[in-house]
Amino acid sequence: MTANNSPQLTPIEQALESLLAAMKVVTQEQIVPTARASGRVLARAMVSPIDVPPQANSAMDGYAVRSADLAGAPLRLAVSQRIAAGAVGTELSTGTVARIFTGAPLPPGADAVVMQENSEPHEEAVTLLQAVAAGENVRPAGEDLRQGQELFPAGHRLRPQDLGVLATAGIDEVTVTRPLRAAVMTTGDELVRPGTPLRPGQIYNANVYTLTALLQALGVEVIDLGIVPDDEEQTRRALVNAAKSADCIISTGGVSVGEEDYVRKAVMASGSLALWKLAIKPGKPFAFGEVGGACFFGLPGNPVSTFVTFVLLVRPCLLAMSGCRRLAPLSLRVAAGFSRPRSAERQEYLRVALTAANGQEPRLQPYDNQSSGVSASLSGADGLAIIPPHTAVAQDDRLVFIPFSELLH
């Protein structure tokens, strides 16, 4: 069934579509060394300037041969030269072979390699025990990359293995979009920094640590606005000042309906609010708007709600602003190791562990306490299982599972 279409609760799919449509891609570019480009988004397509390998080379240790010379194998032939990786051989004479090592270029005239396991070496000759076909045990030129081949398109977010591909092609720097700047604001008179003794009624400000780490994993520059008191005017000033230097502002708390929730009011007073309240659990009091040209993301104050709304909604928006093409995380269909009565009108995101016993198929097991205030449930889980609205779960039902490994980088 679909989510409740009440105007007070926006389905997450509809909300994400609206958010992404509102994102403006940064146009400023930077040239950075390839070695430091992991996690950055390419502003321009990368093309290989060379063939890799640049010429045919041996796929293993053995003997480079003219395959036509081996028709009578086993056959004893003279070893005319020795070619190690990094060396270049000379023309291979008919009726001779070249001792060759993995990665060394084939000498002119050779078209195959006999692996050393199929040979019997002598003083200055070798007996080849098996014939080989042309191209056997040879890596042809351009087998890995071809000159002029597009390696990665603009909008590709570089991974560590991608840096290896670029380096293989001899590319030592890349053009990427500049890092985003995000201002993080936590609100609440009850909040204090860790390391400060707690007084009655106070709690530690954990959300700023979570958000800062999530943003840094995306390569975003973080501007910590600190803890803003529960005061509408101070909140408004903090938002306006942040908008002068940040691409986006991310707040936690203050977007619900309580008399002390001033963030939503401050955004409406100094900018605009385009979205508020989602049909998801946890994370219902999520807000989106604009202040002074900067995007505003208002996350709920409970730690799980903060985390869930960030990874599901803010993360793809930040990637889109960076020009990244791939926004959606990989999700899997995994069997439930539990049963659950029919859910309500909001789509639920359960914190679940992926368990497998005695070689059996993995099952999803929910954390015992699914309260949005239990931050330990995030550390005790491997990802999020999605329960659609008005849906009951039976043992072995296949649920959509999003691993945290897809959401934390």
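Definitions and limits used
Residues numbered from 1 in each chain as written. Predicted model: local features only at pLDDT ≥ 70, side-chain atom pairs only at ≥ 80, totals over all residues. Heavy atoms only, no water. Helix = DSSP H or I, 4+ residues; strand = E, 2+ residues; numbered from the N terminus. Expected span 1.5 Å × (residues − 1). Bend = angle between axes of the 7 residues up to and from the residue. Buried < 20%, exposed > 50% of the residue type's maximum accessible area, 1.4 Å probe, protein only. Axes fitted to C-alpha atoms, helices over the stretch in contact; angles between N-to-C directions. Parallel < 35°, antiparallel > 145°, perpendicular 65-115°, else oblique. Left-handed = near helix turned anticlockwise from the far one by under 90°. Contact = heavy atoms within 4.5 Å. Nonpolar A, V, L, I, M, F, W, Y, C, P; charged D, E, K, R; others polar. Pairing = 2+ DSSP bridges. Core = buried A, V, L, I, M, F, W, Y, C linked by side-chain atoms within 4.5 Å. Arc of directions from axis to C-beta. Phe/Tyr/Trp six-rings, centres within 6.5 Å; stacked < 30°, edge-to-face > 60°. Lys NZ or Arg CZ within 6 Å of the ring centre and 35° of its normal. Salt bridge = Lys/Arg side-chain N within 4 Å of Asp/Glu carboxyl O.

Colleague: Can you break down helix 6 (residues 303-321) residue by residue, with the values?
Modeller: Across its 19 residues, helix 6 extends 25 Å between first and last C-alpha, which sits within 8% of the 27 Å expected from 1.5 Å per residue. Remark: the principal bend of helix 6, roughly 45°, maps to Phe310. For helix 6, a buried count of 18 out of 19 residues is recorded, marking the element as mostly surrounded by other parts of the structure. Positive phi appears at Gly323, one or two residues downstream of helix 6, with a value of about 90°.

Colleague: So what about the packing of helix 1 (residues 12-22) against helix 6? Which residues, and what values?
Modeller: Where helix 1 meets helix 6, the closest approach of the two axes is 10 Å, and the angle between their N-to-C directions is 25°. In terms of orientation, helix 1 and helix 6 fall into the roughly parallel class. In this structure, the crossing between helix 1 and helix 6 has a hand that is right-handed. Mapping the contact onto sequence places Ile12, Leu16, Leu19 and Leu20 in helix 1 and Leu312, Leu313, Pro316, Cys317 and Ala320 in helix 6. By residue class, the composition of the contact of helix 1 with helix 6 is 9 nonpolar, no polar and no charged.

Colleague: Can you tell me about the sheet that holds strand 5 (residues 75-83), naming the residues and giving the values?
Modeller: Pairing is mixed across the open sheet formed by 6 strands, whose spatial order is 7-4-6-5-9-8. The open sheet is flanked by strand 7 (112-115) and strand 8 (119-121), the only strands paired with a single partner. Taking the axes of each pair of neighbouring strands and ignoring which way they run, one obtains an average angle of 40° across the sheet.

Colleague: Talk me through the nonpolar core; I want residue IDs and the actual numbers.
Modeller: Counting 48 residues, the largest nonpolar core has Ile250, Phe286, Phe297, Phe310, Leu312 and Leu318 as its most contacted members. Of all the elements in the fold, those that place two or more residues in this core are helix 1, strand 13 (181-187), helix 3 (207-217), strand 17 (248-252), strand 21 (294-299), helix 6 and strand 25 (383-387). A total of 13 residues in this core trace back to one element, the largest contributor, which is helix 6. Sequence-distant contacts of Leu312, that is, excluding residues within four places in its chain, are made with Ile12, Leu16, Tyr349, Leu384 and Ile402. Counting 17 residues, the second-largest nonpolar core is a separate cluster that includes Leu239, Val267, Ala287 and Ala294.

Colleague: Go over the sheet that holds strand 16 (residues 221-228) with me, naming the residues and quoting the values.
Modeller: An order of 16-13-17-21-20-18 is seen for the 6 strands of this open sheet, with the pairing classed as mixed. One side of each edge strand has no neighbouring strand; the edge strands of this open sheet are strand 16 and strand 18 (271-276). Recorded for the sheet is a direction-independent mean angle of 20° between the axes of neighbouring strands. Pairing geometry for strand 17 and strand 21, over 5 bridges, is parallel. For Thr252, the partnering residue across the bridge sits in strand 21 and is Leu299. Of the strands in this sheet, strand 13, strand 16, strand 17, strand 20 (287-291) and strand 21 are in contact with helix 4 (residues 232-243), which crosses strand 16 at around 170°. Helix 5 (residues 263-270) rests against strand 13, strand 17, strand 18, strand 20 and strand 21 of the sheet, and its axis sits at about 130° to strand 18.

Colleague: Any chance you could break down helix 5 for me, citing the residues and the numbers?
Modeller: Within the span of helix 5, buried status applies to Val263, Ala266 and Val267. Viewed along the axis of helix 5, the buried residues span an arc of 100°, placing them on a single side of the element.

Colleague: If you had to explain the packing of aromatic side chains to someone new, which residues and values would you point to?
Modeller: Under the criterion given, the structure shown has 2 aromatic pairs. A centroid spacing of 5.4 Å and a plane angle of 80° characterise the contact between Phe307 and Phe404, whose relative ring orientation is edge-to-face. On the criterion of sequence distance, the pair formed by Phe307 in helix 6 and Phe404 in the segment after strand 26 (398-403) is long-range, its members being 97 residues apart. With respect to burial, Phe307 and Phe404 carry one shared label: buried. Seen from the ring of Trp276, Lys277 lies directly overhead, with NZ or CZ sitting 5.2 Å from the centre.

Colleague: So what's going on with the pattern of salt bridges? Which residues, and what values?
Modeller: Under the criterion given, the structure shown has 13 salt bridges. One salt bridge in this structure joins Asp396 and Arg363, with 2.9 Å as the shortest N-O distance. Of this pair, Asp396 sits in the loop between strand 25 and strand 26 while Arg363 is found in strand 24 (residues 363-366), placing the two residues 33 residues apart along the sequence. For Asp396, a relative accessible area of 42% gives the class partly exposed. For Arg363, a relative accessible area of 25% gives the class partly exposed. Through salt bridges with shared partners, one network takes in Glu361, Arg363, Asp396 and Arg398.

Colleague: Can you lay out unusual backbone geometry for me, pointing to particular residues and giving the numbers?
Modeller: Here the bond from Ala73 into Pro74 is cis, since omega is 0°, no more than 30 degrees from zero. Take Pro74: it is sitting in the loop between strand 4 (62-65) and strand 5. Following Lys281, the chain continues to Pro282 via a peptide bond in cis, the omega torsion being 0°. Of note, Pro282 is situated in the loop between strand 19 (280-281) and strand 20. Although it is not a glycine, Asn137 sits at a positive phi angle of roughly 60°. Relative to the elements of secondary structure, Asn137 occurs in the loop between strand 9 (125-128) and strand 10 (138-139). Judged by relative accessible area, which is 17%, Asn137 ranks as buried. At Asp396, a residue that is not glycine, the phi angle is positive and equals roughly 75°.

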